[in-house]
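Results of the structural survey
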Amino acid sequence: MCPDCFKPARNKQSVFTRMAVVKALEKVSDEKFLKKYPCPPTRPTTKCIDQLVKCLHGSIFVAGRYNKFSRTLPQTPWIIDGERRMESSVEELIAAPLLSSFKADGLNFSSSGREDVDVRTLGKGRPFAMELLNPHCSKFNKAEIRQFQEAINQSSDKIRVRDLQLVSRDAMMHMKEGEEDKTKSYTALIWTRKAIEKEDIAFINDIKELKLDQKTPLRVLHRRPLAVRQRLVHNMSTRFLDSHHFYLELKTQAGTYIKEFVHSDFGRTKPNLSELLKTDTDIIELDVESVDVDWPPAIPE
Amino acid sequence: MSLDGTEEKNCEAQGPSVIERYYTRWYKTDIKGKPNEDQCVLQHSNRICVITLAETHPIIQGGKSIKEINYQISDGCSRLNNKVSGKSKKGGQFLTEFAPLCRITCTDETEYTIYSCIRGRLLEVNECILETPDLLLKKPSTDGYIAVILPKFEESKTVTDGLLSREEYEGVISKRGSAQAEPC
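Summarised in this report is the structure supplied together with it. These numbers come from a predicted model, not from an experiment.

Below, the discussion takes up the sheet that holds strand 8 (residues 100-106) of chain B. Residue and element names in this part refer to chain B. Spatially, the three strands line up as an open sheet ordered 4-8-9, and their pairing is antiparallel. In this open sheet, the two edge strands, each paired with only one partner strand, are strand 4 (66-70) and strand 9 (111-115). Neighbour to neighbour, the strand axes of the sheet diverge by 20° on average, direction disregarded. Here four bridges tie strand 4 to strand 8, and the two strands are oriented antiparallel to one another. Counted as the bridge partner of Glu-68 is Thr-105 from strand 8.

Now for the sheet that holds strand 10 (residues 120-125) of chain B. What links the strands of a sheet is backbone hydrogen bonding, and the strands pair in either a parallel or an antiparallel sense. Residues and elements named next belong to chain B. The strand order across the open sheet formed by seven strands is 7-10-11-3-2-1-12, and the pairing between neighbours is antiparallel. Each end of this open sheet is capped by a strand with a single partner; those strands are strand 7 (94-95) and strand 12 (164-165). Judged from the five bridges that link them, strand 2 (residues 39-44) and strand 3 (residues 49-53) form a sheet pairing that is antiparallel. For Val-41, the partnering residue across the bridge sits in strand 3 and is Ile-51.

Moving on to the interface of chain B and chain A. Interfaces are frequently sized by the accessible area removed from exposure as the parts join. Taken together, the contacts link 34 residues of chain B with 36 residues of chain A. Carbon and sulfur atoms make up 57% of the surface buried where chain B meets chain A, a total of about 2800 Å² over both sides. On inspection of chain B and its partner chain A, the count reaches four salt bridges. In this structure, the connection of chain B to chain A is made through nine residue pairs in polar contact (both at pLDDT 80 or more). The set of elements that each furnish at least two residues to the side of chain B that touches chain A consists of helix 1 (18-22), strand 2 and strand 10 of chain B. The leading source of residues in the side of chain B that touches chain A is helix 1 of chain B, at four residues. Of the residues in the side of chain B that touches chain A, the class split is 17 nonpolar, eight polar and nine charged.

The next subject is the pattern of salt bridges. Side-chain pairs of opposite charge can arise whenever the charged atoms involved come near each other. Tallied over the full model, the rule gives 26 salt bridges over all chains. For the salt bridge of A:Arg219 with A:Glu260, the shortest nitrogen-to-oxygen distance reads 2.7 Å. On the criterion of sequence distance, the pair formed by A:Arg219 in the loop between strand 8 (208-215) and strand 9 (228-242) and A:Glu260 in helix 7 (residues 258-263) is long-range, its members being 41 residues apart. Looking at A:Arg219, the relative accessible area reads 23%, which means it is partly exposed. Measuring nitrogen to oxygen at the nearest pair gives 3.0 Å for the salt bridge that ties B:Arg21 to A:Asp282. Of this pair, B:Arg21 sits in helix 1 while A:Asp282 is found in strand 12 (residues 281-291), placing the two residues in two different chains. Its relative accessible area of 4% is what places A:Asp282 among the buried residues. Members of the salt-bridge network, linked through shared partners, are A:Asp116, A:Asp118, A:Arg219, A:Lys259 and A:Glu260.

Attention now moves to a nonpolar patch on the surface. Judged by side-chain polarity, A:Phe16, A:Val21, A:Leu25, A:Phe33 and A:Tyr37 come together as a nonpolar surface patch covering roughly 510 Å² of accessible area. When you line up the elements, A:Phe33 lands in helix 2 (residues 30-36).

Moving on, we come to the environment of A:Val293. Residue and element names in this part refer to chain A. Looking at the secondary structure, you find Val-293 in the segment after strand 12. Taking the relative accessible area as the measure of exposure, Val-293 reaches 6% and is therefore buried. Between the alpha carbons of Val-293 and Lys-182 there is a distance of 6.3 Å; along the sequence they are 111 residues apart.

Residues and elements named next belong to chain A. If you check helix 4 (residues 142-155), its first and last C-alpha atoms are 20 Å apart, about what 14 residues at 1.5 Å a residue would give, namely 20 Å. Restricting attention to buried positions, one finds in helix 4 the residues Ile-145, Phe-148, Gln-149, Ile-152 and Asn-153. Buried residues of helix 4 fall within an arc of 135° about the axis and therefore sit on the same side. Opposite the buried face of helix 4, at more than 90 degrees from it, the exposed residues are Gln-147 and Gln-154. Summarising the contacts, the buried residues of helix 4 are in contact with helix 3 (90-102) and strand 6 (159-167).

Once that is clear, we can look at the environment of A:Lys198. All names here are of chain A. Within the secondary structure, Lys-198 sits in helix 6 (residues 198-202). In this structure Lys-198 comes out as exposed when scored by relative accessible area, which is 56%. Put simply, Lys-198 and Leu-241 are 43 residues apart on the chain and 8.6 Å apart in space, counted from C-alpha to C-alpha.

Our next topic: the side chain of A:Arg120. All names here are of chain A. Looking at the secondary structure, you find Arg-120 in strand 5 (residues 119-133). The exposure class assigned to Arg-120 is buried, which follows from its relative accessible area of 14%. Within the local environment of Arg-120, its side chain forms a polar contact with the side chain of Asp-287, the two groups lying 2.7 Å apart.

The rules behind these values
Residues numbered from 1 in each chain as written. Chains lettered and ligands numbered in written order. Predicted model: local features only at pLDDT ≥ 70, side-chain atom pairs only at ≥ 80, totals over all residues. Heavy atoms only, no water. Pairing = 2+ DSSP bridges. Helix = DSSP H or I, 4+ residues; strand = E, 2+ residues; numbered from the N terminus. Axes fitted to C-alpha atoms, helices over the stretch in contact; angles between N-to-C directions. Contact = heavy atoms within 4.5 Å. Buried area = accessible area lost by both parts, 1.4 Å probe. Salt bridge = Lys/Arg side-chain N within 4 Å of Asp/Glu carboxyl O. Polar contact = N/O pair within 3.5 Å; in protein donor to acceptor, adjacent residues only side chain to side chain. Nonpolar A, V, L, I, M, F, W, Y, C, P; charged D, E, K, R; others polar. Buried < 20%, exposed > 50% of the residue type's maximum accessible area, 1.4 Å probe, protein only. Patch = residues over 30% accessible without salt bridge, like charges linked within 9 Å, V, L, I, M, F, W, Y side chains within 5 Å. Areas by Shrake-Rupley, 256 points an atom, 1.4 Å probe, with all protein chains shown as cover. Expected span 1.5 Å × (residues − 1). Arc of directions from axis to C-beta.

Nothing here speaks to function; it is geometry throughout.
And the structure:
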């Protein structure tokens, strides 16, 4: 009836995924469907055969915002060739109490962008959503959800979660919207090769809507296509620290590689801070100050 | 120095640079038997390699003025025509160790060929040095890079087998110095 709807894919256990079935049902016209499966149905000619029936709970979606206070914590588990390279992860710290309380078989973690291991996420935090697979317990009220949030926050000082709430599957779309068009703010600690004075970095405060051409950074080029991306640095401000250091605050378009803007990535991000200051610069530390996506809705504490 | 509030004393010190933090330096010396024609391969922890001149290369040591950099290495092949697409970088020219990347001609008429040094797929060549050849002398290890190559996944560990480590390179260099000091 629908020969092209079900294509075997590597990652999926069965060809009949939820999405594929939904799409197939939309594709097939009522006429075509009724031809094969009339209503009322025809009289069966054979006896019913025992089929193995598997019941699954529908996924539950939990969303919130997370802070990351550690510079040695990856966002998702860091495992290469079966070997864990770094202890724990934001995902695992948030998932632990949820997996056990919801009695779920597994989870899919996603977020509105992500930060490197050595970058902190401050302010209101980064929106995330977790799909809990086959949750055996799914009815929890707001007070109980707040307790889960407390449990997560008590479990570790490396992360903090806020606005934890149940959301619909569709609501997950809001989060990925943030990836392309929203803005993000950062603070970076910059080192300069040449000695600087306060006056030398003042001009940076006046630069607005700086257009960058960023070639895919070498550090991600092994898993991303080679391309040039145009990104905007909306504004910047500086705080002098000493003759070779200053703090740089930036507000940028989503998808801007901050580290590469600072050290130029072999000159493959242009313009870059090094060029602007006419000296070699490096980024010593980076913090995400805000991820300007207004989802999920804030939950007053 | 840190945003977290802790302090360190020597504010001029850089600490490990981008190259020191993420790359391993490998070297090939006296390439094709030509004295001092040394190159450096910066291998990122993700296996991507950046090909650069080594600081002992005659162009840098001699402070030479560059007349021309030519990526057209044969009638049918220009490294500038290299086009890769998609995550697996399909279409990139596959290079072996002695595949030429470019030819550099200096104002004193000396000519140097820069080689790949490793096996892999060519991802990009540095077009900035065509406009600003000076980068090769001023920033040979960063802005003046020559090319970016992606070794085959299966060969990621073995791709540097034929190259010298930093210590081995320094050993070769110091032997050169003493060789020159010996009487004829």
